[in-house]
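# Tertiary structure, described
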2 protein chains.
Amino acid sequence: MDEKAALAVFECLSSGVRLGVFRLLVKAEPVGIVAGDIAAALDVAPSSLSFHLRTMTQAGLLRVEQEGRFLRYRANLALMTEVVGFLTENCCSGVSGGCRDADLLSGGIPACGSSNPVRESKA
Amino acid sequence: MDEKAALAVFECLSSGVRLGVFRLLVKAEPVGIVAGDIAAALDVAPSSLSFHLRTMTQAGLLRVEQEGRFLRYRANLALMTEVVGFLTENCCSGVSGGCRDADLLSGGIPACGSSNPVRESKA
DNA sequence: TCGACACTTCCAAAGTTGTTGAAATATCGT
DNA sequence: ACGATATTTCAACAACTTTGGAAGTGTCGA
């Protein structure tokens with residue numbers, strides 16, 4: 001992961017429409033959703049949605065597959081793993097004890113029903 | 001973490017300057033860096049940097065502390081934990097096996113040479 | 001082959017963001 | 001108190017992003 005790729009991911013997620021698309025597709029894993037249904041769910045004009053889907057696909061955040069007349073989109077969660085790794089690269093310059101939060105970030109994010117985050121005090 | 005807060009974080013990291021600031025400050029944890037040194041390290045005009053630092057501080061991504069004439073900035077890595085949690089919320093609709101990537105994201109990110117997994121209860 | 005459908009591309013208007021330099025504020029050392 | 005230093009605020013401007021309608025491409029079913 002290089003800076004340019006990470007920037008593209010953050011640019012994707014910094015629009016309300018695109019963040020909505022990504023969250024919707026994360027929920028819809030591993031099946032995915034076709035473009036028209038995304039447009040309906042988020043109430044976005046088709047041409048506008050198409051613009052956003054293209055941006056996200058180019059950034060690698062979505063994978064797309066043709067199904068007849070439909071295009072089915074799916075979230076690429078693995079890319080988020082890389083992005084977080086990129087952010088925490090070389091963190092704390094090896095100072096012992098300085099990495100408490102980074103450790104939390106790297107090992108403490110439960111998801112998908114196994115458990116849940118939101119633990120912010122440093123105790 | 002609500003959508004607005006998450007958007008603010010992604011907006012912060014979607015500018016080259018701000019991403020550079022955050023990565024620099026992640027590396028500089030837990031000491032932090034004063035504004036002038038950030039400007040020098042990244043070769044950004046002071047007024048421009050000030051604009052970005054304010055955006056990031058408002059988003060909660062940075063904490064700032066006055067030291068005489070200087071302002072020392074530090075990264076808030078814990079906020080990233082919340083953001084990743086927000087992204088993977090309700091992922092895969094509980095489909096078994098659908099969460100492979102989200103689990104990877106939540107538990108498989110190496111950082112800082114040590115790992116200290118912390119799994120909490122669901123909310 | 002045709003018409004209907006799903007989606008994308010093109011274009012111009014509207015809105016948002018980032019940069020700059022100059023002036024303002026606040027703190028320091030003497 | 002004064003001048004030097006660190007940083008922020010302000011206003012103007014250029015550059016970029018987002019939007020929606022209309023037209024285009026490709027696929028389906030009869």
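Look a little higher up for the structure.
First, a word on what this report is: a plain description of the structure on this page. Not measured: the values here are computed from a predicted model.

Calculation notes
- Residues numbered from 1 in each chain as written.
- Chains lettered and ligands numbered in written order.
- Predicted model: local features only at pLDDT ≥ 70, side-chain atom pairs only at ≥ 80, totals over all residues.
- Heavy atoms only, no water.
- Helix = DSSP H or I, 4+ residues; strand = E, 2+ residues; numbered from the N terminus.
- Contact = heavy atoms within 4.5 Å.
- Areas by Shrake-Rupley, 256 points an atom, 1.4 Å probe, with all protein chains shown as cover.
- Pairing = 2+ DSSP bridges.
- Axes fitted to C-alpha atoms, helices over the stretch in contact; angles between N-to-C directions.
- Near = heavy atom within 4 Å.
- Polar contact = N/O pair within 3.5 Å; in protein donor to acceptor, adjacent residues only side chain to side chain.
- Nonpolar A, V, L, I, M, F, W, Y, C, P; charged D, E, K, R; others polar.

## With respect to the overall build of chain A
Summing up its helical and strand segments, chain A has six helices and three strands in all. Ordering the α and β elements of chain A from the N terminus gives α-α-β-α-α-β-β-α-α. A separation threshold of at least 6 residues defines the contact pool for chain A, and within that pool the share at least 24 residues apart is 52%. Total accessible area on chain A is roughly 5800 Å²; 50% of this is exposed by carbon and sulfur atoms.

## Some details on the sheet that holds strand S1 (residues 33–34) of chain A
All names here are of chain A. Pairing within the open sheet is antiparallel, and its three strands lie in the order S1-S3-S2. Either end of the sheet is taken by a strand with one partner, and the two such strands are S1 and strand S2 (62–67). Strand direction decides the pairing type here: S1 and strand S3 (residues 70–75), joined by two bridges, are antiparallel. Counterpart to isoleucine 33 in the pairing with S3 is tyrosine 73. Its contacts with the sheet place helix H2 (residues 16–27) against S1, S2 and S3, and it is angled at close to 85° to S3.

## Thoughts on the protein's contact with DNA strand D
The environment of DNA strand D is made up of 22 residues, and the closest members are Ser47(A), His52(A), Gly36(B), Ser50(B) and Tyr73(B). Of all DNA strand D atoms lying within 4 Å of any protein atom, the proportion belonging to sugar or phosphate reaches 69%. Here a phosphate oxygen of DNA strand D and a side-chain polar atom of Arg18(A) are 3.0 Å apart. At 3.4 Å from a phosphate oxygen of DNA strand D is found a main-chain nitrogen or oxygen belonging to Leu71(B). Taken together, the residues that form the surface near DNA strand D break down as nine nonpolar, nine polar and four charged.

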